[in-house]
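Each chain is listed here by its residues.
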Amino acid sequence: YGCRGGNMKVKYIFFLYDLGISHFALSQMYKNANENEIAEILTGDYMEFQFKYNIFSEKDIDLLSSPRKIEIAIDNIENIISTFNKENIQIYNYYDQGYPKNLKNIQNPPFFLFAKGDISILNSEKIISIVGTRKISDETSHELKEHVKELVKNGYVTVSGLAFGTDIIVHRETLKLKGKTVAVLPSPITEVQPSSHQKDAIDIYENGGVLISEYYKADSYNKLSYIHRNRIISGVSSNVLISECSEKSGTMHTARFAYKQHRRLFCLKNKSSGVEKILKSNYAKIYENINSLL
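Remember, predicted model here, so these are calculated numbers, not experimental data.

S.K.: Provide a residue-level description of the overall build of the protein, including the pertinent values.
M.R.: Across its full length, the protein holds 13 helices and 9 strands. In summary, the protein has a C-alpha radius of gyration of 20 Å against a globular reference of 19 Å for 294 residues, a match within 12%. With respect to the three principal axes, the spread of C-alpha positions in the protein is 60 × 40 × 30 Å. Here the protein, with 294 residues, has 53% of them falling under the buried criterion. A separation threshold of at least 6 residues defines the contact pool for the protein, and within that pool the share at least 24 residues apart is 68%. Accessible area of the protein: about 13900 Å², with a carbon and sulfur share of 48%.

Structure below.
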């Protein structure tokens, strides 16, 4: 099945993850339990493990005491893994070697990450996340294309969110120049959002890039998914560049995540209210060209 390393232990932990067991308990089980112990926990026989390690919260115990809920989680994940195998979607957990290094260092990293394409490009020394408004001005759009061209020519991997405006310009320009790009989705990889960018998603992973998401359930995306997705966009990179944005946009969340994650933050110079506010904070610098990164 699609879990990295091919062992049943990871699969069992994925069942428990879907059940809703806390990340702390999942981490402790991954580190301390063997395959047979986790199999017993899934049958509701968790007390011995709890007495030994004292890791389960009251909510965890309620969930582990419900055979029906456990059964639903197992069925659900078996179906997901089967679909992911057919679609060549890989499953990584936080402790896998293939899990992106930069992402391990953020607050609240995804315990499971799903990827289609070459995830190893996320460990590139040259990687930059580029985000901004969906309603990008012609002037900023032209400037952004020139910057992407320079970055790709210098071997940078670009990261964005496959949304309208800034994001899709970044992905398409990178591909046009035979560069590698990463799309971080607010939805499962099997349900690309926005659906009109499905062909772009295919182009990305067929040309050496990768699609990644922390979501795996159908219809699991909502407004919050976009905010959560933004912490991954800034988290996988050491540099974040903002093209243009209003001060009440989702891009501002990415700027805040970049600050919390100690990422280097840059803005293109323009009069958009979000960029002006970010630059006023004195945390971000104006991005002029690739020398700004050096």
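Further notes follow.
S.K.: Tell me about helix 3 (residues 35–42), and please be specific about residues and values.
M.R.: For helix 3, the set of buried residues is Ile38, Ile41 and Leu42. The arc that holds every buried residue of helix 3, seen down its axis, measures 100°, which confines them to one face. The backbone nitrogen of Asn36 has a side-chain oxygen 3.1 Å away, supplied by the residue at the start of helix 3, namely Asn34.

S.K.: Summarise the packing of aromatic side chains; cite the residues concerned and give the values.
M.R.: In this structure the tally under the stated criterion is 21 aromatic pairs. Between Tyr30 and Tyr95, the ring centres sit 4.8 Å apart and the planes meet at 10°, which makes this aromatic pair stacked. Placement of Tyr30 in helix 2 (residues 23–32) and of Tyr95 in the loop between strand 1 (90–93) and helix 7 (101–104) is noted, with a sequence separation of 65 residues between them. In textbook terms, an aromatic cluster arises when at least three aromatic residues are bridged by ring pairs, as seen for Phe14, Tyr17, Tyr30, Phe84, Tyr94, Tyr95, Tyr99, Phe111, Phe112, Phe114 and Tyr216. It is Lys104 that lies over the ring of Tyr94; its NZ or CZ is 5.3 Å from the centre.

S.K.: Please provide a residue-by-residue account of the nonpolar core, values included.
M.R.: As a rule of thumb, soluble globular proteins bury nonpolar side chains together. Among the nonpolar cores identified, the biggest contains 45 residues, and Phe14, Leu16, Ile21, Met29, Phe56, Phe112 and Phe114 are the most heavily contacted of them. Elements with a contribution of two residues or more to this core: helix 1 (8–19), helix 2, helix 3, helix 5 (58–64), helix 6 (67–87), strand 2 (112–117), helix 9 (166–176) and helix 10 (198–206). Per-element accounting of this core gives the leading share, 8 residues, to helix 1. Every residue in contact with Phe112, bar those within four places of it in the chain, is listed here: Val10, Ile13, Phe14, Tyr17, Ile91, Tyr92, Asn93 and Glu214. Core analysis: the second largest hydrophobic core is formed by 31 residues, Leu103, Val159, Val182 and Ala284 among them.

S.K.: Just give me the short version of the pairing of strand 7 (residues 239–242), but keep the residues and values in it.
M.R.: Neither face of strand 7 is left uncovered, since the one carrying Asn239 and Leu241 and the one carrying Val240 and Ile242 both have all their residues buried. Where strand 3 (residues 127–131) and strand 7 come together, 4 bridges link them in parallel fashion. Each bridged residue has a counterpart across the sheet, and for Val131 the counterpart in strand 7 is Ile242. As paired elements, strand 7 and strand 8 (residues 264–267) share 4 bridges and run parallel to each other. Within strand 8, the position partnered with Val240 by the bridge is Leu265. Following the chain from strand 7 across helix 12 (residues 250–260) to the adjacent parallel strand 8, one finds a crossover that is right-handed.

S.K.: Got a sec to walk through the sheet that holds strand 2? Specific residues and values, please.
M.R.: The mixed open sheet is built from 9 strands, whose spatial order is 1-2-6-5-4-3-7-8-9. Sheet topology places strand 1 and strand 9 (285–286) at the edges, where each strand pairs with a single neighbour. In this structure, strand 1 lies alongside strand 2, joined through 4 bridges in antiparallel fashion. The residue bridging Tyr92 from the neighbouring strand is Leu113, located in strand 2.

S.K.: So what's going on with the packing of helix 11 (residues 223–235) against helix 12? Residues and values would help.
M.R.: The geometry of a pair of packed helices is captured by two quantities: the angle between their axes and the separation between those axes. Contact geometry for helix 11 and helix 12: axes closest at 8 Å, N-to-C directions at 45°. By the criterion of interaxial angle, the relationship of helix 11 to helix 12 is oblique. At the point where helix 11 passes helix 12, the crossing takes the right-handed sense. Contact with helix 11, carried on its side by Ile227, Asn230, Arg231 and Ser234, involves Gly250, His253, Thr254, Phe257 and Ala258 of helix 12 and no other residues of that element.

About the criteria used
Each chain carries its own residue numbering, running from 1 in the direction its sequence is written. Totals for whole chains, interfaces and linings use all residues, but because this is a predicted model, local features are given only for residues with pLDDT of at least 70 and pairs of side-chain atoms are given and counted only at 80 or more. Heavy atoms from the whole structure form the basis of all side-chain values; hydrogens and water molecules are not counted. Numbering of helices and strands starts at the N terminus; helices are DSSP runs of H or I of at least 4 residues and strands are runs of E of at least 2. When we talk radius of gyration, it's over C-alpha atoms, and the globule rule is simply 2.2 Å times the number of residues to the 0.38. When a residue's accessible area, from a 1.4 Å probe over protein chains only, is under 20% of the maximum for its type it is buried; when over 50% it is exposed; and in between it is partly exposed. Whether two residues are in contact is decided by their heavy atoms, any of which lying within 4.5 Å being enough. Only the protein chains shown count as cover for residues, and all accessible areas are computed by the Shrake-Rupley method using a 1.4 Å probe. When we speak of the arc, we mean the arc of directions from the helix axis to the C-beta atoms. Between N or O atoms, a polar contact is any pair within 3.5 Å; within protein, one atom must be a potential hydrogen donor and the other a potential acceptor, and residues adjacent in sequence are included only when both atoms are from side chains. Under the pairing criterion, centres of Phe, Tyr and Trp rings, with the six-membered ring standing for Trp, must be within 6.5 Å; the plane angle then separates stacked pairs below 30 degrees from edge-to-face pairs above 60, leaving the rest tilted. Counted as over-ring charges are cases with an Arg CZ or a Lys NZ within 6 Å of the ring centre that also lie within 35 degrees of the ring normal. As used in this record, nonpolar core signifies buried Ala, Val, Leu, Ile, Met, Phe, Trp, Tyr and Cys residues forming a set joined through side-chain atoms within 4.5 Å. Between any two strands, at least two bridges found by DSSP are needed for them to pair. Orienting the strands away from the viewer, one traces the path from the first strand over the helix to the second; a clockwise path indicates a right-handed crossover. As a rule, the C-alpha atoms of each element are fitted with a line to give its axis, helices using only the stretch in contact, and angles between N-to-C directions run from 0 to 180 degrees. Orientation labels follow simple angle bins: below 35 degrees gives roughly parallel, above 145 gives roughly antiparallel, 65 to 115 gives roughly perpendicular, and whatever is left gives oblique. Note on convention: near helix rotated counterclockwise from far helix by under a right angle means a left-handed crossing. Clockwise means right-handed.

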